[in-house]
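Chains, contacts and geometry: an overview
Read off the chains here:
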Number of protein chains: 2
Amino acid sequence: MIQEHGFHGCPVSMVAKNAGVAAGTIYTYFENKDDLIIGIYEYVGEEIKKYVSERDDNSLSFKDRYYNYWKNLTDFYELKPSIHGFYDQFLNSPYNSEEMQNKPNSWHDFANAFFEEGIRRGEIKELNPIVLSILVNTNVNSIVRIKKNFKKKLARNNMELDEISHLIWAGIKAD
Amino acid sequence: MIQEHGFHGCPVSMVAKNAGVAAGTIYTYFENKDDLIIGIYEYVGEEIKKYVSERDDNSLSFKDRYYNYWKNLTDFYELKPSIHGFYDQFLNSPYNSEEMQNKPNSWHDFANAFFEEGIRRGEIKELNPIVLSILVNTNVNSIVRIKKNFKKKLARNNMELDEISHLIWAGIKAD
DNA sequence: AATGACTGAATGAACGTTCAATCACAATAC
DNA sequence: GTATTGTGATTGAACGTTCATTCAGTCATT
């Protein structure tokens, strides 16, 4: 609902109806609407981590693992467009404050560790793993968004958004 | 104000006060709040285009022009953090509908033409220029956002976000 | 009989929007 | 030069609606 209507466009009463409970019930589990939204964000982070980490296979070359990571993250978002829409909005909203960013976050931790290992194995350049995970996650995020918004335009222009995963690999792989 | 409080967090009355006019006056220039927000979006696009295009010098190599483009866009956003905050939020919100995306947009046109020329000159790979401009603009956007949010963390971890411009250049330059 | 979750009408604050009244200024008349 | 009228922008209190939140009462389970 948030992905479709935005944070303001979906009242608590609507959320409650959709969940099949009364509006008041939400307030036994969440302090207020903001607390609910932050709760969703934390839940979503866990789900993403679960999906991507379960499908990672560290016996493969890091190049293959990178492409799997990219594909799995993309698949997850395309499988659950509403999660993607929510997450994409949240990250760019005032909710995503510095305070928020400094909270423990197992999805971020996983992503950082993932790229750290690529460096340790000597398969990618010695860059800050936080930078790398931000780079990759940002690009997957926005490609999924573009695919969603530009459906017709994409077909018309025969755009190859998957190219971007190659571009980025070309940029980060060890020489 | 939108960058700080979000779309809902800033009532029309607040906008009016900040602008030094009465609330009603806004409605002689804009149909409603949505119309105002879309108006700001269009204005912002013009401003970005102006800043970046004025500083482009097509006598340089495309590599230099690419790095200028990157720098100028980054500078513009950092010079006007509130514009960046607004734009970043708008792009990821339900306001940025498919209908919105299909409206004429001189900033998008400029960016597309820019990368088209890089291809024509044979200095970058033969990719869809729309893909290229989305790639570059998305990454500049998110780097600026990260710099804004992560100030302390960045310093602590000695992160080199500027690396990303090189990574992307390595990815898109002609072999 | 006791516990704790659930309900949904009620509350009051906040918001977008309207509009009758006012104001600033220019054009016209004397 | 002064008074009068006309025009269009500006004002902000008021309106009606929507929304987050509360809480007294109900229900389900132990």
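Residues numbered from 1 in each chain as written. Chains lettered and ligands numbered in written order. Predicted model: local features only at pLDDT ≥ 70, side-chain atom pairs only at ≥ 80, totals over all residues. Heavy atoms only, no water.

Chain A goes by TetR family transcriptional regulator in an unreviewed UniProt entry, where it is assigned to Algoriphagus antarcticus.

**A closer look at the overall build of chain A**
The helix and strand tally for chain A stands at eleven helices and zero strands. With the C-alpha coordinates aligned to their principal axes, the bounding extent of chain A is approximately 60 × 40 × 25 Å. Counting all 175 residues of chain A, 49% fall into the buried class. Sequence-distant contacts in chain A: of pairs separated by 6 or more residues, those separated by 24 or more amount to 70%. For chain A, the separation between the mean place of its 21 positive charges and that of its 25 negative charges on side chains is 7 Å. (Helix = DSSP H or I, 4+ residues; strand = E, 2+ residues; numbered from the N terminus. Buried < 20%, exposed > 50% of the residue type's maximum accessible area, 1.4 Å probe, protein only. Contact = heavy atoms within 4.5 Å. Lys, Arg positive; Asp, Glu negative; His and termini not counted. Charge placed at Lys NZ, Arg CZ, Asp CG, Glu CD.)

**Here we look at the interface of chain B and chain A**
On the side of chain A, 45 residues touch chain B, which itself brings 46 residues to the contact. Counting each side, the surface lost to burial between chain B and chain A is near 3,600 Å², with a carbon and sulfur contribution of 63%. Here chain B and chain A share four residue pairs in polar contact (both at pLDDT 80 or more) between them. Every element with two or more residues in the side of chain B that touches chain A is listed here: α1 (2–5), α6 (81–91), α7 (98–102), α9 (129–149), α10 (151–157) and α11 (163–172) of chain B. (Buried area = accessible area lost by both parts, 1.4 Å probe. Polar contact = N/O pair within 3.5 Å; in protein donor to acceptor, adjacent residues only side chain to side chain.)

**A few points about the packing of helix α5 (residues 62–79) of chain B against α9(B)**
Residue and element names in this part refer to chain B. Where α5 meets α9, the closest approach of the two axes is 10 Å, and the angle between their N-to-C directions is 40°. Compared by their axis directions, α5 and α9 come out oblique. Once α5 is placed against α9, the crossing between them reads as right-handed. Facing Y66, Y69, W70, L73, T74, Y77 and E78 of α5, the residues of α9 in contact are V136, N137, N139, V140, N141, I143, V144 and K147. (Axes fitted to C-alpha atoms, helices over the stretch in contact; angles between N-to-C directions. Parallel < 35°, antiparallel > 145°, perpendicular 65-115°, else oblique. Left-handed = near helix turned anticlockwise from the far one by under 90°.)

**Quick look at the state of the cysteines**
The full count for this structure, using the stated rule, is zero disulfides over all chains. A disulfide-free cysteine, C10(A) has its sulfur positioned 18 Å from the sulfur of C10(B), the nearest such atom. The class of C10(B) is buried, set by a relative accessible area of 2%. (Disulfide = S-S within 2.5 Å.)

**So, the protein's contact with DNA strand C**
Neighbouring residues of DNA strand C: V21(A), A22(A), G24(A), T25(A), T28(A), Y29(A), P11(B), V12(B), G24(B), Y27(B), N32(B) and K33(B). Restricting the count to atoms of DNA strand C within 4 Å of the protein gives a sugar and phosphate share of 76%. Y29(A) places a polar side-chain atom, nitrogen or oxygen, 2.7 Å from a phosphate oxygen of DNA strand C. A distance of 2.7 Å is found between a phosphate oxygen of DNA strand C and a side-chain nitrogen or oxygen belonging to Y27(B). Tallying contributions element by element places helix α3 (residues 23–29) of chain A first for the surface near DNA strand C, with four residues. By residue class, the composition of the surface near DNA strand C is six nonpolar, five polar and one charged. (Near = heavy atom within 4 Å. Nonpolar A, V, L, I, M, F, W, Y, C, P; charged D, E, K, R; others polar.)

**Structural notes on the nonpolar core**
Ranked by internal contacts, the top residues of the largest apolar core, which has 98 residues, are Y69(A) and Y69(B). With sequence-adjacent residues up to four places away left out, Y69(B) is seen in contact with V52(B), W107(B), F110(B), A111(B), F114(B), F115(B), V136(B) and N137(B). (Core = buried A, V, L, I, M, F, W, Y, C linked by side-chain atoms within 4.5 Å.)

**Some words on the protein's contact with DNA strand D**
Every residue close to DNA strand D is listed here: P11(A), V12(A), G24(A), Y27(A), N32(A), K33(A), V21(B), A22(B), G24(B), T25(B), T28(B) and Y29(B). At 2.6 Å, a backbone N or O of V12(A) approaches a phosphate oxygen of DNA strand D. Here A22(B) contributes a backbone N or O atom positioned 2.8 Å from a phosphate oxygen of DNA strand D. For the surface near DNA strand D, the elements supplying multiple residues, two or more each, are α3 of chain A together with α3 (23–29) of chain B. At four residues, α3(B) tops the list of elements feeding residues into the surface near DNA strand D. Residues belonging to the surface near DNA strand D are distributed by class as follows: six nonpolar, five polar and one charged.

**Focus on helix α8 (residues 106–120) of chain B**
Residue and element names in this part refer to chain B. With 15 residues, α8 ought to run about 21 Å at 1.5 Å a step, and its terminal C-alpha atoms sit 21 Å apart, in line with that. Among all positions in α8, only W107, F110, A111, N112, F114, F115, E117, G118 and I119 are buried. Against the buried residues of α8 lie α4 (33–54), α5, α6 and α9. A distance of 3.0 Å separates the backbone nitrogen of W107 from a side-chain oxygen at the start of α8, and that oxygen is part of N105. (Expected span 1.5 Å × (residues − 1).)

**Brief notes about the side chain of N139(B)**
Looking at the element boundaries, N139(B) is found in helix α9. A polar contact of 2.9 Å, which involves the side chain of N139(B), links it to the side chain of N139(A). When residues no more than four places from it in sequence are discounted, the contact partners of N139(B) are L135(A), N139(A), W70(B), I164(B) and I168(B).

**Thoughts on the UniProt feature "domain: HTH tetR-type" (unreviewed entry) in chain A**
Mapped onto this structure's residue numbering, the UniProt feature "domain: HTH tetR-type" (unreviewed entry) falls at residues 1–48 of chain A. Secondary structure across residues 1–48 of chain A divides into 73% helix and 0% strand, with the first and last C-alpha atoms of the span separated by 19 Å. (UniProt positions renumbered as here; feature names shortened; annotations may be inferred.)

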